[in-house]
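Topology and contacts: notes
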Amino acid sequence: MTEKEAIACELLVLRCRQGRKEALEEMVRTWERPLFYYIRRLIDDEDEALHVLQQTWVCVLQGLRTLREPRKLPAWLYGIARKTALSHLRARYSERSLFREEQATRDSEDGDVHLSVDRVEEIHYGLSRISLVQREVLTLFFLQDLSLEEIASVLEIPLGTVKSRLHHAKRALKAVLKQEESSHE
Amino acid sequence: MNELNKTFRERLLNMETLNSARGEISREQIRAMLDTRLSGIKRIGFALLAFVGFWTMIVFGSHAFGDPNDWEDLVIYQLFMMFASFASVAWTGFTGWAAISGVIRRTHRPWIVATTLVMGFCYLVAMMYVFVVPVSVLESRTELGTQLGLIWFFLLNTIGLCTILGVLYRGQYKSQEKLLEIEYRLADLAEKLKGKEQS
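Report on the accompanying structure.

Parameters at a glance
- Residues numbered from 1 in each chain as written.
- Chains lettered and ligands numbered in written order.
- Predicted model: local features only at pLDDT ≥ 70, side-chain atom pairs only at ≥ 80, totals over all residues.
- Helix = DSSP H or I, 4+ residues; strand = E, 2+ residues; numbered from the N terminus.
- Buried ≥ 20, exposed ≤ 12 C-beta atoms within 10 Å, placed from the backbone.
- Contact = placed C-beta atoms within 7 Å.
- Nonpolar A, V, L, I, M, F, W, Y, C, P; charged D, E, K, R; others polar.
- Axes fitted to C-alpha atoms, helices over the stretch in contact; angles between N-to-C directions.
- Parallel < 35°, antiparallel > 145°, perpendicular 65-115°, else oblique.
- Left-handed = near helix turned anticlockwise from the far one by under 90°.
- Expected span 1.5 Å × (residues − 1).
- Core = buried A, V, L, I, M, F, W, Y, C linked by C-beta atoms within 7 Å.
- Domains from an automatic or database assignment.

**Observations concerning the overall build of chain A**
- When helices and strands are counted, chain A shows nine helices and zero strands.
- The helix and strand sequence of chain A, counted from the amino end, reads α-α-α-α-α-α-α-α-α.
- Taking all 185 residues of chain A together, the buried fraction comes to 38%.
- Long-range contacts, defined as pairs at least 24 residues apart, comprise 75% of the intrachain contacts of chain A with a sequence gap of at least 6.

**Examining the overall build of chain B**
- Counting secondary structure elements, chain B contains six helices and two strands.
- When burial is assessed residue by residue, chain B has 16% of its 199 residues classed as buried.
- Within chain B, contacts between residues separated by at least 24 positions form 73% of all contacts whose residues are at least 6 apart in sequence.

**Overview of the interface of chain B and chain A**
- Each partner contributes residues to the interface: chain B has 28 residues there, and chain A has 29 residues.
- At ten residues, helix H6 (residues 141-198) of chain B tops the list of elements feeding residues into the side of chain B that touches chain A.
- For the side of chain B that touches chain A, the class distribution of residues is 14 nonpolar, five polar and nine charged.

**A short note on the packing of helix H3 (residues 46-63) of chain A against helix H2 (residues 20-34) of chain B**
- As a packed pair, H3 of chain A and H2 of chain B sit with axes 9 Å apart at the nearest point and diverge in direction by 45 degrees. In terms of orientation, H3 of chain A and H2 of chain B fall into the oblique class. Handedness of the H3 of chain A/H2 of chain B crossing: right-handed. Note on element contacts: H2 of chain B touches H3 of chain A through Ser 26, Gln 29, Ile 30, Met 33 and Leu 34 of chain B, opposite Leu 50, Leu 53, Gln 54, Trp 57, Val 58 and Leu 61 of chain A.
- Of the residues that constitute the contact of H3 of chain A with H2 of chain B, the class distribution is eight nonpolar, three polar and no charged.

**Notes on helix H3 (residues 40-65) of chain B**
All names here are of chain B.
- The first and last C-alpha atoms of H3 sit 37 Å apart over 26 residues, in line with the 38 Å expected at 1.5 Å per residue.
- For H3, the complete set of buried residues consists of Phe 46, Leu 49, Gly 53, Thr 56, Met 57, Phe 60 and His 63.
- For H3, the elements touching its buried residues are helix H4 (75-101).

**Structural notes on the nonpolar core**
All names here are of chain A.
- Grouped together as the largest cluster of nonpolar side chains are 49 residues, with contacts concentrated most on Tyr 38 and Ile 39.
- Looking at this core, the element that brings in the most residues is helix H2 (residues 21-42), giving nine residues.
- Counting the residues that make up this core, at least three belong to each of domain 1 (1-92) and domain 2 (94-185).
- Look past the residues within four positions of Tyr 38 in its chain and what remains in contact with it is Tyr 78, Ala 81, Thr 139, Leu 140 and Leu 143.

**Observations concerning the packing of H3 of chain A against helix H4 (residues 73-90) of chain A**
Residue and element names in this part refer to chain A.
- Taken N-terminus to C-terminus, the directions of H3 and H4 make an angle of 130 degrees; their axes are 9 Å apart at the nearest point. It follows that H3 is oblique to H4 by the angle criterion. Relative to H4, H3 is oriented so that their crossing is right-handed. Together, Glu 48, Val 52, Gln 55, Thr 56, Cys 59 and Val 60 of H3 and Leu 77, Ile 80, Ala 81, Thr 84, Ala 85 and His 88 of H4 make up the contact between the two elements.

Structure (structure tokens):
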């Protein structure tokens, strides 16, 4: 995030704290799509994702006054979205099953980690084929709203783990894309 | 974030579209979730408050606009009763609406709190009028004037303090906003200059 974007975030938070309707609407308008995209990558069902998005907004609007660093608004928003989505998912899956899924994908992947940004459509569908843990870190990376340090704070893991997860996630996605290509040929 | 990356981000976001009708419904639901829904007991509680407010409004109103008694001809007394009856109208309106709709809107919440505080103060002063003033009026009319003056002094001080705090609070936000706007323009200018230098 550039300095200008960080200032714009602080300005937006300040206006929202004053209870200005247009500022609140601007915040929803700006962040609705990326948050929904991120939540959708965590939750398969669209209606459930929409419900989680609503709960996220309620938490955001209620907690806006307690936000200590307004310039880190994106990280804070993604953090709330993640917590809300995970508590929703926790009711369905255990942490252990999520971890097993990650291990299985990590073990099976191989190859180049470079991904072409021109293949947006394939990447989008490929994301749904990799494990939840990898999908999550890769989605945050692709949305480009956060630095790696901020992704680490959102995911509550060390920076090194983010880098390694990202590396494995890219490899997994690449493998999925290759697999898709070969099945089409 | 360079242009290519921005395009990639936008294209990626476009893959997951939230149609406008559904988006609007979702936003409506968010607004509804921000309002506090009242349980049956709380609704009854608010209805009682509205009822109390309504009767208070009649009592205060009759003292404010009715025929004055021997010591009630003081302007200060009638002014207070007018103020209290208007506060009662507002309080009755807010609490009554909450009881009828079963919802406290986010925007109404501070008004309910403010009118409740004002009403609490009005009741305290009214108690003084009922129990303290009639006793002292028998003794000395000058003392009564001093007492009422003190009550008004306290009331006006409180209102003044709240107003000053509110002005300071808003002023702080305004100046902070202006500073950020300047900072934003400077950052924008720096970014443009950097872009020119690179090109």
